[in-house]
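Chain and residue survey
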Amino acid sequence: MTDKTKSILLITPDSNISDLIGSALKTDGGLKIETQTETLAQMNGRAVKMMSDHDVILFQTSPNNMAEITAIEALTASRRPGTTLIALVDGNVSLSQVRALTHAGVDEVLPLPSTEEDLDGRVLKLARAAAVKPAENLSRGRIIAVTQARGGIGSTTVAVNLADQLVGTRGWGGRKSGRKVALVDLDLQFGTVGSFLDLPEQDSLLQLALDGVVPDANFLDQSMVKGPNGVSVMPAPSKFAPLDSLRPDQVAAILDTLCQSNDFVIVDLPRAIVNWIEPVIQRADELLVVTDMSVPAIRHCRRLIEFFTQDNPSLAIDIVVNHESRPLLQSRVHREAAKALERKLDLWLPHDARAATNAADRGKPLSLTAPRSPLGKAMGRLAQSVVNRQQEQARRQGSTKE
Ligand SMILES: Nc1ncnc2c1ncn2[C@@H]1O[C@H](COP(=O)(O)OP(=O)(O)OP(=O)(O)O)[C@@H](O)[C@H]1O
Ligand SMILES: [Mg+2]
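Before going into details, it helps to say that this report is about the structure given with it. (Residues numbered from 1 in each chain as written. Chains lettered and ligands numbered in written order. Predicted model: local features only at pLDDT ≥ 70, side-chain atom pairs only at ≥ 80, totals over all residues. Heavy atoms only, no water.)

Moving on, we get to the site of ligand 1. Around ligand 1 lies a shell of 18 residues, among which Q148, G152, T156, T157 and N322 are the nearest. Broken down by secondary-structure element, the contributors of at least two residues to the shell around ligand 1 are α9 (155-167) and α17 (353-362). (Near = heavy atom within 4 Å. Helix = DSSP H or I, 4+ residues; strand = E, 2+ residues; numbered from the N terminus.)

Shown next, in the form of structure tokens:
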């Protein structure tokens, strides 16, 4: 990271928007803002030339317009490492339009602010963070949040074994990947990560909830328990804690601190939607929703996706279908589910009661109890897909980090 003044190029045909964002960002002395009052497509290639002088390109766009998509692709094709592209879109865009933008290479898609209050939110924070800390953003660990479409569907099984597979031990005597992985059980009241890994009780989360302190690196160092294979785990409290006893800034601090010293931070989310989930979703690089193919579960998945993308439209959400092997040909039910969720169904975990029960009973991950079982192998493929997504994103950002 250099100490030169960081620069934002703001492109919008709407002078109200440019005034709103321009004047808000100008209050930050460390930032330089250049504004173009036209669309990206109207700039007709000039944006590509101007891009090399800026750290963040913040532009208003319409994903319906092919000329805009082409202009975005031209930008992403020639951007240098560390340049962040943030699209501002009308709040009514569909999920598939947001996906078209991220597919074209946009890093973040945010709703267009209409009032000064909207501006206090993500647009400004993101533009400032991206401009001031590009190098740090690229090197921080990746946050993968795991949630469920219904109780008992297998989200903790996924979180535990994903963390384990990312460390990379391949069974007895296997090689390690060298990745550092943290696993945080935020299922505050009903969390079972500790028993899945047979860990000693650790009540740091309860202490945070009761004392109200914001945790630092020192606190977290002492709070994490080493699980099998070297995953650092923060288990849920062993005693009852009210759901609203944690605060969003405490959860944000846990994740930000763990990201600095780990390559991956896996978060097992509670089923209830509480206010401290927002900082997890804001920071998540990927959200895995574990489901089966039942109609109520798919409906709930759809509701979760709509809820989480409302304020975070570019959040990468992947569906994990549990208790079902990948079909050779997808049935009508699969196709309808994929359509309802506006996503391909790529991640499948077979029903494998023997391996799942044995691992849970022995308090160990599948890589240590049944690495060659159908479920053990499928967990390896799931972890590989998470690594592939990271590499794809790193390539898009021109980073050399895995
Ligand atoms: N693919 C699978 N095949 C067979 N059993 C499974 C599979 N995945 C999970 N299980 C079993 O299902 C049970 C519930 O799994 P898990 O605790 O991971 O679900 P959850 O979604 O986290 O539940 P909760 O709502 O309690 O948080 C466990 O006994 C687990 O071993
Ligand atoms: Mg669970």
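The description of two helices packed together rests on the angle between their axes and the distance between the axes. Contact geometry for helix α15 (residues 295-311) and helix α16 (residues 332-341): axes closest at 9 Å, N-to-C directions at 20 degrees. By the angle class used here, α15 and α16 are roughly parallel. Here α15 and α16 pass one another in a crossing that is right-handed. Across the interface between the two elements, I298, C301, R302 and I305 from α15 touch A337, A340 and L341 from α16. (Axes fitted to C-alpha atoms, helices over the stretch in contact; angles between N-to-C directions. Parallel < 35°, antiparallel > 145°, perpendicular 65-115°, else oblique. Left-handed = near helix turned anticlockwise from the far one by under 90°. Contact = heavy atoms within 4.5 Å.)

Attention now moves to the pattern of salt bridges. Applying the stated criterion across every chain, the model contains 11 salt bridges. The residue D249 makes a salt bridge to R247 at a minimum N-O spacing of 2.9 Å. Judged by its relative accessible area of 37%, D249 falls in the partly exposed class. Taken together, the shared-partner salt bridges in this structure form one network comprising E286, D318 and R389. (Salt bridge = Lys/Arg side-chain N within 4 Å of Asp/Glu carboxyl O. Buried < 20%, exposed > 50% of the residue type's maximum accessible area, 1.4 Å probe, protein only.)

Time to look at helix α1 (residues 15-26). Along an α-helix, residues three or four apart share an orientation, since each turn contains 3.6 residues. Over its 12 residues, α1 runs 16 Å from end to end, which matches the ideal 16 Å to within 8%, given 1.5 Å per residue. Turning to α1, its buried residues are I17, S18, L20, I21, G22, A24 and L25. For α1, the side-chain oxygen to backbone nitrogen distance between the N-cap and N16 is 2.8 Å, and the N-cap itself is D14. (Expected span 1.5 Å × (residues − 1). Polar contact = N/O pair within 3.5 Å; in protein donor to acceptor, adjacent residues only side chain to side chain.)

Take the pairing of strand β4 (residues 84-89) next. The buried count for β4 comes to six of six residues, which makes it a mostly enclosed element. On β4, burial covers both faces: T84, I86 and L88 on one face and L85, A87 and V89 on the other are all buried. Where strand β3 (residues 56-60) meets β4, five bridges bridge the pair, whose relative direction is parallel. Bridge pairing in β4 links L58 to I86. Crossover β3 to β4 through helix α4 (residues 66-77) is right-handed. (Pairing = 2+ DSSP bridges. Right-handed = clockwise from strand over helix to strand, strands pointing away.)

Take the environment of R46 next. Locating R46 in the fold gives a position in helix α3 (residues 46-51). The class for R46 is partly exposed, based on a relative accessible area of 35%. Counting along the chain gives 29 residues from R46 to L75, while the straight-line C-alpha distance between them is 9.9 Å. Among the polar contacts listed, one links the side chain of R46 to the side chain of E38, at a separation of 2.9 Å.

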